[in-house]
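Architecture at a glance
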Amino acid sequence: MLILALVVTCYRTFCRVTFVSDLGTNGKVSVRFSAPSPWLSGTKTFLQLSSFDREGGTAGVRLHINTTNRNGIPANRGVWARLDGRPETESTVADLIKAFELQMKDEDVGIPVLQYGDPNTPIGRNYLKARLHFYSPDWGSFPTGRTSWIWFPRLFSEGETETF
């Protein structure tokens, strides 16, 4: 039993990172996202959520993966989610989870898990101002020369959120 507890703790600490959000619903829902830990993958994972509320956008949730590099090495890898914010077709929590299931099935980003709340809760209008959520851990650095740095993921840290 102790060995199993150690394996689970090691897996959660070093192999996967998570991000938990209420998706702008003021606590009505809680959704957990997971991704490979930067300790193993070397990249920090983010989720960017945005929505549109004008005609001309495609109904539903659209996802795509984006990777940015630092010194030619992948540093940030993220899922960009575009939600429908029009009142008559507003995206819900269930729509977001279903989009991950359909569009990210071959990626190593985990499918979000609804921890509690109604999956039919609308969330599309909550992201008319785009938000970028970084999964923890945060990154630290120290200089190794005048222009070079070694970047490392911090073990115990909070994720970051930016609003554009």
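Counting restarts for each chain, with residues numbered from 1 along the sequence as it is written. In view of the model being predicted, local features appear only for residues whose pLDDT reaches at least 70, and side-chain atom pairs are presented and counted only at 80 or more, with totals across whole chains, interfaces and linings using the full set of residues. Each side-chain value is derived from all of the structure's non-hydrogen atoms; neither hydrogens nor water enter the calculation.

So, the packing of aromatic side chains
Two descriptors summarise a pair of aromatic rings, namely the distance from one centre to the other and the angle between the planes of the rings. The pairing test for Phe, Tyr and Trp rings, Trp by its six-membered ring, is centres within 6.5 Å, and the orientation test on the planes gives stacked under 30 degrees, edge-to-face over 60, and tilted for anything in between. Going through the model one piece at a time under the given rule, you end up with three aromatic pairs. Relative to Phe-100, the ring of Phe-33 lies with its centre 5.9 Å away and its plane at 55°, an arrangement referred to as tilted. Of this pair, Phe-33 sits in strand 2 (residues 30-36) while Phe-100 sits in helix 3 (residues 93-103), placing them 67 residues apart in sequence. Exposure remark for Phe-33: the relative accessible area of 0% places this residue in the buried category. For the ring pair Phe-46 and Trp-80, a centre distance of 6.1 Å and an interplane angle of 80° mean the geometry is edge-to-face. A run of H or I in DSSP counts as a helix once it spans at least four residues, and a run of E counts as a strand once it spans at least two, with each numbered from the N terminus. Each residue is placed in one exposure class: buried if its accessible area under a 1.4 Å probe, protein chains only, is under 20% of its type's maximum, exposed if it is over 50%, and partly exposed if it falls in between.

What about the confidence of the model for the protein?
Looking at any residue, its pLDDT shows the predictor's confidence there, from 0 to 100. When pLDDT is averaged along the protein, the result is 81; 82% of the residues meet or exceed 70. Mean pLDDT in the protein bottoms out at strand 10 (residues 160-163), which sits at 53, and peaks at strand 6 (residues 113-116), which reaches 94.

Thoughts on the nonpolar core
Here, nonpolar core refers to any group of buried Ala, Val, Leu, Ile, Met, Phe, Trp, Tyr and Cys residues whose side-chain atoms link them within 4.5 Å. Leu-23, Phe-33, Leu-47, Leu-63, Leu-96, Phe-100 and Tyr-135 are the most contacted members of the largest nonpolar core, which has 24 residues in total. Contributing elements (two or more residues each) for this core: strand 1 (16-21), strand 2, strand 3 (44-52), strand 5 (73-84) and helix 3. When sequence neighbours within four positions are dropped, the list of residues in contact with Phe-100 reads Phe-33, Leu-47, Leu-63, Val-79, Lys-105, Val-109, Gly-110, Ile-111 and Pro-112. Between two residues, a contact is recorded if the distance between any of their heavy atoms is within 4.5 Å.

Side note on the environment of Glu-101
By secondary structure assignment, the location of Glu-101 is in helix 3. Remark: the alpha-carbon pair of Glu-101 and Pro-112, spanning eleven residues in sequence, is separated by 8.6 Å.

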